[in-house]
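Chain residues, written in single-letter form:
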Amino acid sequence: MDVIDAIMTRRSIRRYRPLPIPECDIERILKAAMAAPSSKNEQPWVFTVIDDRELLNKIPKFHPHAEMIKSSPVAILVCADRKRFLSENIWIQDCAAATLNILLAAHGLRLGAVWLGIYPRVERVRGMSKLVNLPKHIVPFSLVALGYPAEKRSPADRFDPDRIHRNRWEH
Ligand SMILES: Cc1cc2nc3c(=O)[nH]c(=O)nc-3n(C[C@H](O)[C@H](O)[C@H](O)COP(=O)(O)O)c2cc1C
């Protein structure tokens, strides 16, 4: 799959087949995550691979849009390590870039994935931190549910030329 194909055909997948994901694919996905660009090359990210069924099943208790996690064999929690920050607040963009790399890498490996927002929702941040026992300096940013797809979704055509401007805007 070339990179434009991967970007244009990726969709959020929320139904998964009950199959484990090989460890080598998880590692490739994590390598893709850590290949993301980051401000000042700060690389503030740290990751937690969650494949304990009991832990996964508890997530919808504090996350209102995470029911699909109950059928996902594994999820990757993207976090930021405050001790690595060189400036305040830029980490959010870095972690978002890493999260998107995870989605695209998963798609490239024919896996399904969906981004579940955690930060800055206080209840979700607290819930995730407690669930996997994060130390105080680790901030959970997003969770990506992964699995072999049990649904097919067509590419979305969201191209809208009206949203494109060139140089100075006309009013
Ligand atoms: C910051 C962010 C938070 C999201 N949180 C959730 C979520 O909690 N639950 C969910 O099912 N999807 C979530 N999504 C996925 C979006 O719903 C999805 O990307 C959007 O509907 C577009 O669909 P697509 O990914 O198939 O192109 C999130 C996406 C982003 C970027």
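Right above here is the structure, for reference.
(A) Structural view of the overall build of the chain. Looking only at helices and strands, one finds five helices and four strands in the chain. Along its sequence from the N terminus, the chain presents helices and strands in the succession α-α-β-α-β-α-β-α-β. For a compact globule of 171 residues, the expected C-alpha radius of gyration is about 16 Å, and the chain comes in at 17 Å, within 12% of that figure. Its C-alpha atoms put the chain at 55 × 40 × 30 Å along the principal axes.

(B) The arrangement of the pairing of strand S4 (residues 138-147) in detail. S4 sits mainly inside the fold: nine of its 10 residues count as buried. Note: strand S2 (residues 74-81) against S4, eight bridges, orientation antiparallel. Along S4, the bridge assignment pairs Leu77 with Leu143. Of the pairings in the sheet, the one linking strand S3 (residues 112-117) to S4 comprises six bridges and is antiparallel in character. For Gly112, the partnering residue across the bridge sits in S4 and is Gly147.

(C) Structural context of the packing of helix H2 (residues 23-34) against helix H4 (residues 91-108). Direction vectors running N to C along H2 and H4 enclose 145 degrees, while the axes themselves pass 7 Å from each other. As for the relative orientation of H2 and H4, their crossing is right-handed in sense. Two secondary-structure elements touch here, H2 through Arg28, Ile29, Ala32 and Ala33 and H4 through Ala98, Asn101, Ile102, Ala105 and Ala106. A class-by-class count of the residues in the contact of H2 with H4 yields seven nonpolar, one polar and one charged.

How each quantity is defined
- Residues numbered from 1 in each chain as written.
- Predicted model: local features only at pLDDT ≥ 70, side-chain atom pairs only at ≥ 80, totals over all residues.
- Helix = DSSP H or I, 4+ residues; strand = E, 2+ residues; numbered from the N terminus.
- Rg over C-alpha atoms; globule rule 2.2 N^0.38 Å.
- Buried ≥ 20, exposed ≤ 12 C-beta atoms within 10 Å, placed from the backbone.
- Pairing = 2+ DSSP bridges.
- Axes fitted to C-alpha atoms, helices over the stretch in contact; angles between N-to-C directions.
- Left-handed = near helix turned anticlockwise from the far one by under 90°.
- Contact = placed C-beta atoms within 7 Å.
- Nonpolar A, V, L, I, M, F, W, Y, C, P; charged D, E, K, R; others polar.

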